[in-house]
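Topology and contacts: notes
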Amino acid sequence: MSSGRAKNPTGRAGSRRVIERHSPNLISVEGVIKRENMLRAWKQVKANKGAPGIDGISVEEFPKYAHENGERIKRSLREREYQPAPVKRVEIPKDSGGTRKLGIPIVLDRVIQQAITQVLTPVFDPHFSESRFGFRPGRSAHQAVRKVLKDIREGYRYVVDIDLEKLLETSSYYTPVHERLSKRAGWETKTLIYKPFRFPQRT
């Protein structure tokens, strides 16, 4: 692009995944703890393997624990009394040197998290942008790279790098985003759409 201006991204992908849409009205604790849903969640956690959390219960030991405590766990979820256990903190070495902090939930919490995800994903995932690849079923970093290469071939020339963590530290994100786009790329930011939003003050 000789003009130096970025094209207006559409966020569309070449093909759209088919995900069965569920109504938000179907979200319920009963849906989460339904036997079929919990079994599917357990199979996924088992396949992922992983180390025990702070309770020391391994993936191999979990079925016995679940058999002995299943009704109590379901009751605590129904009555909104369930409390996730603290995450076990460990440090693992990085290839580039140093260590990376890692949190290991107990197996029970991993199963419950997976069961919740299985209920929420069909409701919300179909509404996400097709350009979002992080932590979504059927998505990967390799697909994200292919999307970037495709955008480059189509004429896109600028990347907007926004640190959400730092943006959320301010009560309004309109000005920081507008200024960053203007300074980094020299865009005519008036052609971009922003919706000013003020986060509620903490009490």
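Here's what I pulled together on the structure shown here. (Residues numbered from 1 in each chain as written. Predicted model: local features only at pLDDT ≥ 70, side-chain atom pairs only at ≥ 80, totals over all residues. Heavy atoms only, no water.)

**Comments concerning the overall build of the protein**
The criterion, for reference: A run of H or I in DSSP becomes a helix once it reaches four residues, and a run of E becomes a strand once it reaches two; helices and strands are each numbered from the N terminus. For every residue, the accessible area (1.4 Å probe, protein chains only) is compared with the maximum for its type, and the residue is labelled buried under 20%, exposed over 50%, or partly exposed between those bounds. In this description, contact between two residues means that some pair of their heavy atoms is separated by no more than 4.5 Å. Each accessible area is a Shrake-Rupley result for a 1.4 Å probe, and residues are judged covered by the shown protein chains and nothing else.
Looking only at helices and strands, the protein has 7 helices and 2 strands in total. Along the protein, helices (α) and strands (β) appear in the sequence α-α-α-β-β-α-α-α-α when read from the amino end. Taking all 203 residues of the protein together, the buried fraction comes to 24%. Of the contacts formed within the protein by residues at least 6 apart in sequence, a portion of 61% connects residues at least 24 apart. Roughly 15,500 Å² of accessible area belongs to the protein as shown, and the carbon and sulfur atoms make up 54% of that amount.

**Structural notes on the pattern of salt bridges**
The condition that has to hold: A pairing counts as a salt bridge when a side-chain nitrogen of Lys or Arg comes within 4 Å of a carboxyl oxygen of Asp or Glu.
Evaluation of the coordinates by the stated rule reveals 6 salt bridges. Between Arg-136 and Asp-125 there is a salt bridge whose closest N-O contact spans 2.9 Å. With Arg-136 in the loop between helix 4 (107-124) and helix 5 (141-153) and Asp-125 in the loop between helix 4 and helix 5, the pair connects residues that are 11 residues apart, well separated along the chain. On the accessibility criterion, Arg-136 (7% relative accessible area) is buried.

**Things to note about a nonpolar patch on the surface**
For the record, the criterion: A patch consists of residues whose relative accessible area exceeds 30% and which take part in no salt bridge; residues with like charges are grouped when within 9 Å of each other, and nonpolar side chains (Val, Leu, Ile, Met, Phe, Trp, Tyr) when within 5 Å.
Side chains of Ile-27, Ile-116, Leu-120, Phe-124 and Phe-128 sit close together on the surface and give an oily, nonpolar patch of about 380 Å² of accessible area. Within the secondary structure, Ile-116 sits in helix 4.

**A short note on unusual backbone geometry**
Unlike most non-glycine residues, Lys-49 shows phi in positive territory, near 60°. In this fold, Lys-49 is placed in the loop between helix 2 (35-48) and helix 3 (62-78).

**Considering helix 2**
Operational definition: Helix span, as expected, comes to 1.5 Å for every residue beyond the first. By construction, the arc corresponds to the directions joining the helix axis to the C-beta atoms.
If you check helix 2, its first and last C-alpha atoms are 20 Å apart, about what 14 residues at 1.5 Å a residue would give, namely 20 Å. Listing the buried residues of helix 2 in full gives Asn-37, Met-38, Ala-41, Trp-42 and Val-45. The buried residues of helix 2 occupy an angular sector of 135° when projected down its axis, which confines them to one face. For helix 2, the exposed residues set more than 90 degrees away from the buried face come down to Arg-35, Glu-36, Lys-43 and Ala-47. In the core, the buried residues of helix 2 are packed alongside helix 1 (29-33), helix 3 and helix 4.

**With respect to the packing of helix 2 against helix 4**
To keep things clear, this is the line we draw: Inter-axis angles, ranging from 0 to 180 degrees, are taken between N-to-C directions of lines fitted to C-alpha atoms, where helices are fitted over the stretch in contact. Under this scheme an angle from 65 to 115 degrees is roughly perpendicular, one under 35 degrees roughly parallel, and one over 145 degrees roughly antiparallel; angles in between are oblique. Left-handed describes a crossing whose near helix is turned anticlockwise from the far helix by less than a right angle; the clockwise case is right-handed. Three categories are distinguished: nonpolar for Ala, Val, Leu, Ile, Met, Phe, Trp, Tyr, Cys and Pro, charged for Asp, Glu, Lys and Arg, and polar for the others, with Gly belonging to the last.
Between helix 2 and helix 4, the least distance of the axes is 8 Å, while the angle of their chain directions is 120°. In this view, helix 2 runs oblique relative to helix 4, as classed from their interaxial angle. Classified by chirality, the crossing of helix 4 by helix 2 is right-handed. Contact residues: Asn-37, Met-38, Arg-40, Ala-41, Trp-42, Gln-44 and Val-45 in helix 2; Val-107, Arg-110, Val-111, Gln-114, Ala-115, Gln-118 and Val-119 in helix 4. A per-class count over the contact of helix 2 with helix 4 returns 8 nonpolar, 4 polar and 2 charged.

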